[in-house]
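The primary structure of each chain is shown beneath.
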Amino acid sequence: MQQPQWTMILRPRKAWYEINLRELWDYRDLIVLFVWRDFVSYYKQTVLGPVWFLIQPVLTTLTYVVIFGNIAHLSTNNVPQFLFYLAGTVLWGYFSSCLTKTATTFIGNAPIFGKVYFPRLTAPISVLISNLITFGIQFALFVVGVIYYSQVNAYVRPNWFILLTPLLLLIMAGQGLGLGIIISSLTTAYRDLQMIVIFGVQLLMYATPVIYPLSSVPEQYRWLLALNPITPLMETFRYAFLGQGELSLGMMIYSIIFTIVVVMAGVLMFNQVENNFMDRV
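In this text the structure is predicted, and so the values were computed from the model without any measurement.

Asker: Any chance you could explain the overall build of the protein here in plain terms?
Answerer: Along the backbone of the protein there are twelve helices and zero strands. The buried share of the protein, reckoned over its 281 residues, is 44%. Contacts spanning at least 24 positions in sequence make up 79% of the contacts within the protein whose residues lie at least 6 apart. A total of about 15,600 Å² of accessible surface is found on the protein, and carbon and sulfur atoms cover 67% of it.

Set out below in structure tokens:
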């Protein structure tokens, strides 16, 4: 009797440190499906639809202009307040969305995880891509602002460092992915982390030069912000598009090393929890 020729063989992972990148590539169509689901569900049954992707950063930026620019009188290094805060809002929005949405990977997808097999990492990866689409829409608005203000304001000077933008996004996505799946893995046992994440992200924003430049921070406190791996990304982004910011090769290397470590730690923890998380959820 002829033996059947199987097209796919599913076996339990032999070790918690195994990562099958080929399997992720084979399920790329599923990632695309998840991306479409996340993107469409955001504006489904809304009147304005995708326009909300632009309304949200504009309203947030205007709020920062009123509170931090006109009331608190925080410095923007002579850059127009709207453009300065828009830069921070757009970039920080991408990181915070990646972190908060990835942090709910296990809990949010538990019904799907319990019914059918697919590489579980496809879920958090799809979050990064869907958020990248949102970032692209908001980034286009920011670029329009840069083009306009570069013509009317001498302090706005875009330069060739804008070519580093893909690298900055890659590092920021890695940090959001790594931290998010670490939290998601821990959330299966400690649900309290879901409440802490939102509050923690808000606190982290104030420890990041989003609404103020790093140069305005007193010298004795600047080392605290230097410990934040997002700080060099934010400063480099502003320097590239606005011509105002601090570039530090040492801080950038530190951010890259932090990203590699946190992604590896997150994926390994994800693999370890993946095998028995359905018993906990």
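Asker: Got a minute to help me understand the layout of surface pockets in this structure?
Answerer: Regions of empty space are outlined by a rolling probe, equal in size to a water molecule, passed over the atoms. Taken as a whole, the largest pocket spans an internal volume of roughly 840 Å³. Taken together, 36 residues make up the lining of the largest pocket; nearest its centre are Gly93, Ser96, Ser97, Thr100 and Lys101. Breaking the lining of the largest pocket down by element, the ones donating at least two residues are helix 2 (28-43), helix 3 (52-71), helix 4 (81-102), helix 5 (105-108), helix 7 (122-152) and helix 9 (192-206). Per element, the largest residue contribution to the lining of the largest pocket is ten residues, and it comes from helix 4. Here the residues of the lining of the largest pocket sort into 15 nonpolar, 18 polar and three charged.

Asker: Looking at this model, I keep getting lost on a nonpolar patch on the surface. Mind explaining?
Answerer: On the surface, a cluster of nonpolar side chains totalling about 420 Å² of accessible area is made up of Phe161, Leu164, Leu167, Leu170 and Leu247. Along the chain, Leu164 turns up in the loop between helix 7 and helix 8 (165-187). Residue classification places Leu164 among the partly exposed residues on the basis of a relative accessible area of 31%.

Asker: Just to check I follow, could you spell out the packing of helix 4 against helix 8 for this structure?
Answerer: It is the contact of helix 4 with helix 8, at a shortest axis distance of 7 Å, that shows an interaxial angle of 25 degrees. With respect to their mutual orientation, helix 4 and helix 8 come out roughly parallel. In the packing of helix 4 onto helix 8, the handedness of the crossing is right-handed. In this structure, helix 4 contributes Leu91, Tyr94, Phe95, Cys98, Leu99 and Thr102 to the contact, and helix 8 contributes Leu169, Met172, Ala173, Gln175, Gly176, Leu177, Leu179, Gly180, Ile181, Ile183 and Ser184. The residue makeup of the contact of helix 4 with helix 8, split by class, is twelve nonpolar, five polar and no charged.

Here is what the cut-offs are and how they apply
- Residues numbered from 1 in each chain as written.
- Predicted model: local features only at pLDDT ≥ 70, side-chain atom pairs only at ≥ 80, totals over all residues.
- Heavy atoms only, no water.
- Helix = DSSP H or I, 4+ residues; strand = E, 2+ residues; numbered from the N terminus.
- Buried < 20%, exposed > 50% of the residue type's maximum accessible area, 1.4 Å probe, protein only.
- Contact = heavy atoms within 4.5 Å.
- Areas by Shrake-Rupley, 256 points an atom, 1.4 Å probe, with all protein chains shown as cover.
- 1 Å grid on protein atoms, 1.4 Å probe; cavity = no way out; pocket = protein on both sides within 12 Å on 5 of 7 lines; lining within 4 Å.
- Points joined across faces, edges and corners; volume = space filled by probe spheres on them.
- Nonpolar A, V, L, I, M, F, W, Y, C, P; charged D, E, K, R; others polar.
- Patch = residues over 30% accessible without salt bridge, like charges linked within 9 Å, V, L, I, M, F, W, Y side chains within 5 Å.
- Salt bridge = Lys/Arg side-chain N within 4 Å of Asp/Glu carboxyl O.
- Axes fitted to C-alpha atoms, helices over the stretch in contact; angles between N-to-C directions.
- Parallel < 35°, antiparallel > 145°, perpendicular 65-115°, else oblique.
- Left-handed = near helix turned anticlockwise from the far one by under 90°.

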